[in-house]
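Analysis of the macromolecular model
Chain by chain, the residues run as shown.
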Amino acid sequence: MKKIAVVVYPYFSLQEITTLTSCLKIWFGKDIDYLGSELYIYKSEEGFQVIPTKAFKEVDLDDYSCVILSGIINPLPALYDNQLINFLSRLKNREILIASISSSPLLLAKAGLLSEVKFTAGIFMQMLDVFSFIKKENFIHQPVVKDKNIITAIGFAFREFAQLVLNELGLDVGESFMFPVTKEYTEDELTFYWENDDYQEFLNELKEYQN
């Protein structure tokens, strides 16, 4: 079974992708590798410290069905990381789903992946003038855009982004995925029980801690 890759770089946003990664791991049991230029600590924009599980030079792209890129509060360190851009350029013309949210489409554009792809991004419009590698005519002012094998989104649409990525991977999450609470619940609706096998597994694990 192919794995999922999450690319990490300085100041990446956990918040924008954890709805997606949590569902991939917890709901569907997908293996996730965290990839970076080097195996050192990257600090997210929230201050979490993350060490990649693999460096780009170790990666065999045939192992992956999807590559995920989060937004970046300051995109410049990543944008001028040649190892990162070279890695992303290897994704061109491959049958791998690419999921990029907020400002991270800048990285795809610099790697040459958006030259013939419609996309959106959470960026300031002046960047379209500053960076010649961005094709202005391909920019779509929508929360989420899918073109070919690339899904892009603005940061506030992280739920819709996650839902579309999951659906494109053939994972059914229903039509009300992660919608806000819009009703009053009864006590029965908010009372939860394990299945017998799951409950027994918990009791067996509990014994290990109690002994």
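Note that the coordinates shown come from a computational prediction; the quantities given were computed from them, not determined experimentally.

1. Structural notes on the overall build of the protein chain
Across its full length, the protein chain carries 7 helices and 9 strands. Across its three principal axes, the protein chain shows a C-alpha extent of roughly 60 × 40 × 30 Å. Expressed as a percentage of the 211 residues in the protein chain, the buried residues total 44%. Within the protein chain, counting contacts between residues at least 6 apart in sequence, those at least 24 apart form 64% of the total. Counting only carbon and sulfur atoms, one obtains 51% of the accessible surface of the protein chain, whose full area is about 12200 Å².

2. What to know about a negative patch on the surface
Together, Glu195, Asp197, Asp198, Glu201, Glu205 and Glu208 make up a negatively charged patch on the protein surface. Mapped onto the secondary structure, glutamate 195 falls in the loop between α6 (158-168) and α7 (196-210).

3. Some remarks on the side chain of serine 102
Here serine 102 shows up in the loop between β7 (97-101) and α4 (105-110). Residue classification places serine 102 among the buried residues on the basis of a relative accessible area of 11%. Within polar-contact distance, the side chain of serine 102 engages the side chain of glutamate 16 at 3.3 Å. Once residues lying within four places of it in the same chain are set aside, the contact partners of serine 102 are Glu16, Gly71, Ala121, Gly122, Ala153, Ile154 and Gly155.

Cut-offs used in this document
Residues numbered from 1 in each chain as written. Predicted model: local features only at pLDDT ≥ 70, side-chain atom pairs only at ≥ 80, totals over all residues. Heavy atoms only, no water. Helix = DSSP H or I, 4+ residues; strand = E, 2+ residues; numbered from the N terminus. Buried < 20%, exposed > 50% of the residue type's maximum accessible area, 1.4 Å probe, protein only. Contact = heavy atoms within 4.5 Å. Areas by Shrake-Rupley, 256 points an atom, 1.4 Å probe, with all protein chains shown as cover. Patch = residues over 30% accessible without salt bridge, like charges linked within 9 Å, V, L, I, M, F, W, Y side chains within 5 Å. Salt bridge = Lys/Arg side-chain N within 4 Å of Asp/Glu carboxyl O. Lys, Arg positive; Asp, Glu negative; His and termini not counted. Charge placed at Lys NZ, Arg CZ, Asp CG, Glu CD. Polar contact = N/O pair within 3.5 Å; in protein donor to acceptor, adjacent residues only side chain to side chain.

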